[in-house]
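Next come the chains, spelled out residue by residue.
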Amino acid sequence: VQLQASGGGLVQAGGSLRLSCAASGRTFRGHVMGWFRQAPGKEREFVAARAWSGLSTSYSDSVKGRFTISRDSAKNTVYLQMNSLKPEDTAIYYCAADDQSNWAFFVRNEKASYWGQGTQVTVSS
């Protein structure tokens, strides 16, 4: 099982980036998928999550209204559209997944069974 994150880069404040997380080795039907980030010297924090059904999404307060999580089921890929980026969004972004039953733990940053490698997002002021 692999989660492959991509799409990071350097962008000016106010700009946009779209991160992708491609899952391989299995389908994540019935799973929650989402994004976490870790800035230098800080702990990992939850960013966004989406239930497979799409009926539930969750965002951290710091990104709500600016970031949107979506999924392409045919490609087994989850996206994070990041708009109005701020320097404080600078971090390594990780995609993750877990069984839907662990939704509460996932969005509280307490549990994720599957992790991808990180992709660096740098926002310059």
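Scroll up a little and you will see the structure.
Not measured: the values here are computed from a predicted model.

Criteria and cut-off values
Residues numbered from 1 in each chain as written. Predicted model: local features only at pLDDT ≥ 70, side-chain atom pairs only at ≥ 80, totals over all residues. Heavy atoms only, no water. Disulfide = S-S within 2.5 Å. Helix = DSSP H or I, 4+ residues; strand = E, 2+ residues; numbered from the N terminus. Contact = heavy atoms within 4.5 Å.

Trainee: Looking at this structure, how should I read the state of the cysteines?
Mentor: In protein structure, a disulfide is the covalent linkage between the sulfur atoms of two cysteines. For the structure shown, the criterion picks out 1 disulfide. Note that Cys21 is cross-linked by a disulfide to Cys95, the S-S spacing being 2.3 Å. One quick way to see it: the torsion about the S-S bond of Cys21 and Cys95 is about 65°, and its sign makes the bridge right-handed. Of the two residues, Cys21 is situated in strand E3 (residues 17-24) and Cys95 in strand E9 (residues 91-99); the sequence distance between them amounts to 74 residues.

Trainee: Please explain the side chain of Asp89 as it appears in this structure.
Mentor: Looking at the secondary structure, you find Asp89 in the loop between strand E8 (77-82) and E9. When near neighbours in sequence (up to four residues on either side) are disregarded, Asp89 contacts Arg37, Arg66, Phe67, Ser84, Val121 and Val123.

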